[in-house]
Amino acid sequence: MTTINPIETKPLKPLFLSYLFPAMIGMLLMSVNILVDGIFVSHGVGPTALAGVNIAVPIFSILLSISLWIGMGGATLFSISLGEGNKQRAHQLFTLAFSTMLVVVITIIGFLALNLKDISYIFGASDDTYPYVQEYLHVILLFGIFYTIENLLSIFIRNDGNPKLAMLGLITTSALNILLNYVFIFVLDYGVTGCALATAIATIIGTSVLCLHFFRPQSELKFVTSFLNLSDLKKIFAIGLPSFIVEASVAVIVILYNVTFLHYLGANGVTAYAMVNYIHTVLLTIFLGVGMALQPLVSYHHGARLLERLTALLKIGLATAFILGLTTALIALLFPSQLMALFGDSSFEIRSMAAQGFVHFAIGYVFLGINMVFAEFFQSIEKIRIATTIMLLRSIILFIPTLIILPKILGSQAIWWTFPVAEGITALLIYLFIRKNPRTLSSPDHA
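Residues numbered from 1 in each chain as written. Predicted model: local features only at pLDDT ≥ 70, side-chain atom pairs only at ≥ 80, totals over all residues. Heavy atoms only, no water.

Heads up, the condition is: UniProt positions are given in the numbering used here, feature names are shortened, and annotations may be inferred rather than shown by experiment.
An unreviewed UniProt entry lists the chain under the name Multidrug export protein MepA, with Lysinibacillus capsici given as the organism. In the Subcellular location (unreviewed entry) part of its UniProt record, the chain is described as follows: "Cell membrane".

**Notes on the overall build of the chain**
Rules: Elements are defined by DSSP. Helices are runs of H or I of four residues or more, strands are runs of E of two residues or more, and each kind is numbered from the N terminus. Radius of gyration here uses only the C-alpha atoms, and the compact-globule reference equals 2.2 Å multiplied by the residue count raised to the power 0.38. Throughout this description, buried means an accessible area under 20% of the type-specific maximum (1.4 Å probe, protein chains only), exposed means over 50%, and partly exposed covers the range between. Contacts are assigned to residue pairs that have any heavy atoms within 4.5 Å of one another. Per-residue and other accessible areas follow the Shrake-Rupley method at a 1.4 Å probe size, with only the shown protein chains counted as cover for residues.
Helix and strand counts for the chain come out as 16 helices and 0 strands. Over its C-alpha atoms the chain spans a radius of gyration of 22 Å, differing by no more than 12% from the 22 Å that the globule rule assigns to 447 residues. Expressed along its principal axes, the backbone C-alpha trace of the chain runs to roughly 70 × 50 × 35 Å. Across the 447 residues in the chain, those meeting the buried criterion constitute 54%. For the chain, restricting intrachain contacts to residue pairs at least 6 apart in sequence, the fraction spanning at least 24 positions comes to 81%. Surface summary for the chain: the accessible area is close to 19,200 Å², and the carbon and sulfur share equals 70%.

**Observations concerning the nonpolar core**
Side chains of a nonpolar character, in soluble globular proteins, are inclined to be buried together. To be explicit about the condition: We call a set of buried residues a nonpolar core when its members are Ala, Val, Leu, Ile, Met, Phe, Trp, Tyr or Cys and they connect through side-chain atoms within 4.5 Å of each other.
Of all hydrophobic cores here, the largest spans 134 residues; its most connected members are Y136, Y257, F358, Y365, F374 and F378. The element best represented in this core is helix α9 (residues 230-303), accounting for 25 residues. Residue contacts for Y136: discarding those within four places in its chain leaves D37, V53, A56, V192, C195 and A196.

**Some thoughts on helix α16 (residues 418-436)**
Put simply, the rule reads: Multiplying 1.5 Å by the residue count of a helix minus one yields the expected span of that helix.
Helix length check: α16, at 19 residues, gives a terminal C-alpha distance of 27 Å against a target of 27 Å (1.5 Å per residue), a fit within 8%. For α16, the complete set of buried residues consists of T418, F419, P420, A422, E423, G424, T426, A427, I430 and I434.

**A look at the pattern of salt bridges**
What counts here: Criterion for a salt bridge: a side-chain nitrogen of Lys or Arg within 4 Å of a carboxyl oxygen of Asp or Glu.
On inspection of all chains with the given rule, the structure shows 3 salt bridges. For K87, the salt bridge identified is with E220, shortest N-O distance 3.2 Å. Of the two residues, K87 sits in helix α3 (residues 87-114) while E220 sits in the loop between α8 (191-210) and α9, which places them 133 residues apart along the sequence. The exposure class assigned to K87 is partly exposed, which follows from its relative accessible area of 47%. Here E220 falls in the buried class, since its relative accessible area comes to 12%.

**Considerations on the packing of aromatic side chains**
Worth spelling out the cut-off: Between 30 and 60 degrees the pair is tilted, below 30 it is stacked and above 60 it is edge-to-face, where a pair is any two Phe, Tyr or Trp rings, Trp via its six-membered ring, whose centres lie within 6.5 Å.
For the coordinates displayed, the defined rule picks out 26 aromatic pairs. Between F143 and F146 the ring centres are 6.5 Å apart and the planes differ by 40°, which places this aromatic pair in the tilted class. Residue F143 is classed as partly exposed on the basis of its relative accessible area of 24%. Within the aromatic cluster, the residues linked to one another by ring pairs are Y257, F261, Y273, F287, F358, F361, Y365, F399, W416 and F419.

**Some remarks on unusual backbone geometry**
Its identity as a non-glycine residue notwithstanding, D189 has a phi of 60°, on the positive side. On the basis of relative accessibility, which here comes to 61%, the residue D189 falls in the exposed class. The phi dihedral of E382 is positive, around 70°, even though this residue is not glycine. With respect to the helices and strands, E382 occurs in the loop between α13 (365-380) and α14 (384-397). Residue class for E382 comes out buried when judged on its relative accessible area of 7%.

**Things to note about the side chain of T440**
Put simply, the rule is: Definition of a polar contact: a pair of N or O atoms within 3.5 Å, with one able to donate and the other able to accept a hydrogen when the atoms are protein atoms, and with sequence-neighbouring residues admitted only if both atoms are side-chain atoms.
Take T440: it is sitting in the segment after α16. Among the polar contacts listed, one links the side chain of T440 to the backbone oxygen of N437, at a separation of 2.6 Å.

**Points about the environment of S67**
Tracing the backbone shows S67 in helix α2 (residues 47-83). Residue classification places S67 among the buried residues on the basis of a relative accessible area of 0%. Contact partners of S67, with chain neighbours within four places excluded, come to M72, M101, T148, N151, L152 and I155. One polar contact links S67 to N151, side chain to side chain, over a distance of 2.8 Å.

**Structural notes on helix α5 (residues 130-142)**
For α5, which comprises 13 residues, the first-to-last C-alpha distance of 18 Å matches the rise-based estimate of 18 Å (1.5 Å per residue) to within 8%. Buried within α5 are the following residues: Y130, V133, Y136, L137, V139, I140 and L141.

**A word on the side chain of S174**
Tracing the backbone shows S174 in helix α7 (residues 163-187). Its relative accessible area of 3% is what places S174 among the buried residues. Contact partners of S174, with chain neighbours within four places excluded, come to L29 and N33.

Okay, here's the thing in structure tokens:
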């Protein structure tokens, strides 16, 4: 007799919440980790060292985006296979995703290590900052494989019905990173090397916590010897692509915003945007967490062909994202000055510019959550073209022309409207598309 997975019978709201809070906390801690490094380096080593670490962060992000790409692609197929009752294929997909990521990441790390100086200067290093970039990245690249393993394992563990352990691993990493940063930088005076070592050691211990999942009796994360399948490999990269676009487009958006603010509002505008972007980085991970919670459940129900529960899950996800977005926008509207006062060392002029801007900028959160949920939903049911189109629309196709056109027509203040306009139009286009093609949400055929 085959036992029915509790995912198929448990009431959907408590089921979704049991995935939502661990996913949101886990994603939040990942963003906090990068901020913590910056805070400790700026106070313990100095501004030039901070500039060096900030130049190294995008290189670090490349490794994480690769693990997210392969992890989300593989885990989606893994959950679908479990929903179909095909455990052997689930084991093969886990092994394939894990092995592929190791090969890709080791290749990238090797390339980066051999061309470290050239790549650092391309990313903005100077003769002053390069020694710090080099010092930081030597350690980060040496242990880089552990960051990607931790990220991939946390995604798969969430898909294997253990969201709390996925969260616990990330909490362990985050707490140890803070503690070790303090010890290495302020007590032992290891400088930037200490910051990188803190991140590396914390990640290795966090990964060890995640490995406890392999000892769980009901774990389906099993390594098998026969796993290589080119068709599955293509599917992993195709399905994971929208997740990669989210991660990769963040850097592009920040660069484009900085250039535009510098052109219209000078250095003060760039600083004001940096303050807003610190808050945005944290908020973005919370909205990503909603999608992360939805993905394992949607993929499993898609595999099990439980279409009524699938549609109900989408509605719960959309309602959650909308309430979160509306609450965020209202808080920004009511308390913009208080939020910007968190960055106490800036001038009154910059703080007020950031506060006024954030009031307009934050309207975008009402639409952001909805767009993220739809993209994650389509990604989870293997409708990759639709999911990829949504991500490209909000981050590149609509964003870039809006950023160019709005300030030219309406003046510099309109730069802040780029985010809400791009997200709002994307949400409208999704609504019109679904109204015209209602079967897209429920039909089990693949895109």
